[in-house]
Structures are given as structure tokens and as C-alpha cells.
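Each chain, letter by letter, is given below.
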Amino acid sequence: MTASVDNDLPTDHFEPHVPGIDYGVLDSLLGYGVRRAQLLIYEDFVATLAPWSITPQRFSALTVISRNAQLKLTHLARILGIARSGAVLLVDALAAMGYVERVPSPEDRRAYGLVLTPKGAGDLRLITEAVCEHDRRIGARLAPEESLELMRLLRLVAGPRA
């Protein structure tokens, strides 16, 4: 929730650009524009996935775990760009939800791999459908070629560093 400019009472939804406000240099900054869009997208994502208590990070983890057999926790942390301790908390939460379990690694008796439970696999299908619908909704203002161009540009910005 955000506060309205007129009376500082919370509004129902994030307003990425409040009318009548001079944003100065902020309106010309790429990072600021991406962050404002991200806040709006995040708000819709969370509302869409509220029935499952799934955040973007949880969805990313479930998706990566589902696509990579017996992924190790340290590898998941690196993929998601989080500390190992954060990955432990994330996996613990997903395990408590009945979505993920740790299984002994066949290559290393000291390590565990991450796998989806049957409940995790089933719910992930429904969650993925909801995420795809969310993505269509938030991209509805863009023509198909604009969506492709935006994805191309974001990959350039977030791509490997030279």
C-alpha cells in the first residue's frame, strides 16, 4: 500500500507516477523506471498468487528445482542470486508448504538434492498458469513486438558483464 499525496491515507494500489508530482531527474533514470514498473508488477503477482502464498522468489525456486534434477542448495542460491542462508530459509518454507523435499545425493553422500513433491509438481502447474495469465495482463499495454523488444532490451541490461 502507498500513501496518497493529498491526505497520507493508504491507497489500494501502488501508483507508479502520481499526477501533479515533479519527479525531476528520476523520470530520466533507467533504474528508477525499471523499479517503478517492478513495484507495479510485483503487486499484481502477489495478488494473483495469494491463494498459494507464493512470492516471485518461491516461484523461481520451484521452477528451477522442477527443471533441474536433484539441484543442490548451494547451486540454487547461486542461480537465484541469494546467500546460502537465504536459500536454506526459502527451501525450508517450500518444504513446510509440502512443495519440496531434500533427498540424498547419489554423487555425494554428504549432500542433498532438491526435488518437488507430488503436491509441489501439481500446484506448480496451476501456479505457472496463473503466472502466465498475470504476465499477459501486465503486458497487455504492449504490442507483441514491443514485448519481444522489451525482453531483448532487459536481457542486454542484465546480460553478462564485459
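Residues numbered from 1 in each chain as written. Predicted model: local features only at pLDDT ≥ 70, side-chain atom pairs only at ≥ 80, totals over all residues. Heavy atoms only, no water.

### Some thoughts on the packing of aromatic side chains
Two descriptors summarise a pair of aromatic rings, namely the distance from one centre to the other and the angle between the planes of the rings. Scanning the entire structure with this criterion turns up two aromatic pairs. Centroid distance Tyr-23 to Tyr-32: 6.3 Å. Interplanar angle 50°. Geometry classified as tilted. (Phe/Tyr/Trp six-rings, centres within 6.5 Å; stacked < 30°, edge-to-face > 60°.)

### Some points on helix H2 (residues 56-67)
Think of an α-helix as turning once every 3.6 residues; residues three or four places apart then point the same way. If you check H2, its first and last C-alpha atoms are 17 Å apart, about what twelve residues at 1.5 Å a residue would give, namely 16 Å. When H2 is considered as a whole, its buried residues turn out to be Phe-59, Ala-61, Leu-62, Val-64 and Ile-65. (Helix = DSSP H or I, 4+ residues; strand = E, 2+ residues; numbered from the N terminus. Expected span 1.5 Å × (residues − 1). Buried < 20%, exposed > 50% of the residue type's maximum accessible area, 1.4 Å probe, protein only.)

### A word on the confidence of the model for the protein
The predicted structure's coordinates, where accompanied by low pLDDT, should not be read in detail. Per-residue pLDDT for the protein averages 90, and the proportion of residues at 70 or more is 92%. Confidence drops under pLDDT 50 across residues 1-10; counting only partners more than four residues distant or on other chains, this segment forms 15 contacts. (pLDDT = per-residue confidence, 0-100. Contact = heavy atoms within 4.5 Å.)

### Some details on the pattern of salt bridges
On inspection of all chains with the given rule, the structure shows five salt bridges. Here Arg-136 and Glu-133 are joined by a salt bridge, their closest N and O atoms 3.3 Å apart. Separated by three residues within a single helix, Arg-136 and Glu-133 lie in helix H5 (residues 118-138), roughly one turn from each other. Look at Arg-136 and you get exposed, because its relative accessible area is 52%. On the accessibility criterion, Glu-133 (37% relative accessible area) is partly exposed. A salt bridge links Arg-152 to Glu-149, with the shortest nitrogen-to-oxygen separation between them at 2.8 Å. (Salt bridge = Lys/Arg side-chain N within 4 Å of Asp/Glu carboxyl O.)

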